[in-house]
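Residue strings, one per chain:
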Amino acid sequence: MRLFFAVFLPEDVRRALVEAQGKVAPFKGWKEVPPHQLHLTLLFLGERPERDLEDLIALGHRLGRNFPPFTARIRGTGYFPNEGTPRVWFAKAEGEGFAFLAEALREGVAEALGEEALRAGGDKPFKPHITLARRKAPAPRVPPVVFGLEWPVTEFALVRSELKPKGPIYTILEKFPLRG
Ligand code: 2AM
């Protein structure tokens, strides 16, 4: 199964991001991420055998027990890649906890499943972001959106992604409360 660890968003943050998605809506080439799927990926694992689930769930709970909740912020948007033709339009997230959690997950996954399990995520530096829209066809860049969003991150999740012609279906397999 295709798996990743992610943080999902509270309703008010989601609403603000959906409003921002309205900016790309007039441009046919952008496909917005559906509201209930908006998330911040902490670690992408790619295709993993089902037998890994037990270790991944145990890891998530162990980290959750040791990490305190933290404050997240969103102030603006950006593109991947930033130069040339953008593929992804995202909301930039801030909050030290994201990088700490992402790194702890990398270490924990490498320990439990081996370094090989980190390969799917690639070796690009971790940039906490929430993908708002993906570019499917030629489409113009949209002007930056400015936000003043802040919320407490109190949990993260292990998510299954099933790739379908209409777009991926995400299923939360397990939630990990932060209670360090
Ligand atoms: P993205 O939103 O920037 O595309 C599920 O695919 C999630 O894992 C997405 O949030 C995606 O980020 C992220 N992800 C990170 N690395 C990935 C990769 N190599 N392939 C697919 N998704 C990846």
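Rules behind the numbers
Residues numbered from 1 in each chain as written. Predicted model: local features only at pLDDT ≥ 70, side-chain atom pairs only at ≥ 80, totals over all residues. Buried ≥ 20, exposed ≤ 12 C-beta atoms within 10 Å, placed from the backbone. Helix = DSSP H or I, 4+ residues; strand = E, 2+ residues; numbered from the N terminus. Pairing = 2+ DSSP bridges. Arc of directions from axis to C-beta. Contact = placed C-beta atoms within 7 Å.

## Quick look at the pairing of strand β1 (residues 2–8)
Phase 1 of the analysis: Most of β1 is tucked away, with six of its seven residues classed as buried.
Phase 2 of the analysis: Bridge count between β1 and strand β3 (residues 39–47): seven bridges; the pairing is antiparallel. Paired with Val7 across the two strands is Leu40, which belongs to β3.
Phase 3 of the analysis: By the bridge criterion, five bridges tie β1 to strand β8 (residues 155–162) in an arrangement that is antiparallel. Each bridged residue has a counterpart across the sheet, and for Leu3 the counterpart in β8 is Arg160.

## A short note on helix α1 (residues 11–21)
Phase 1 of the analysis: Looking at α1, one finds that the buried residues are Val13, Leu17, Ala20 and Gln21. Each buried residue of α1 lies within a common arc of 105° when the element is viewed along its axis, so the set occupies one face. Structural note: α1 exposes Glu11, Asp12, Arg15 and Glu19 on the side pointing more than 90 degrees away from its buried face.
Phase 2 of the analysis: Where the residues of α1 are buried, they touch β2 (30–32), β4 (70–80), β5 (88–94), β6 (129–135) and β7 (149–153).

## Remarks on unusual backbone geometry
Phase 1 of the analysis: A cis amide bond, omega -20°, links Phe80 with the succeeding residue Pro81.
Phase 2 of the analysis: Here Pro81 is to be found in the loop between β4 and β5.

## Thoughts on the environment of Gly95
Phase 1 of the analysis: Assignment of secondary structure puts Gly95 in the loop between β5 and α3 (96–113).
Phase 2 of the analysis: A sequence separation of 58 residues divides Gly95 from Val153, and the C-alpha atoms of the two residues are 9.2 Å apart.
Phase 3 of the analysis: Contact partners of Gly95, with chain neighbours within four places excluded, come to Phe70, Thr71, Ala72, Arg73 and Val153.

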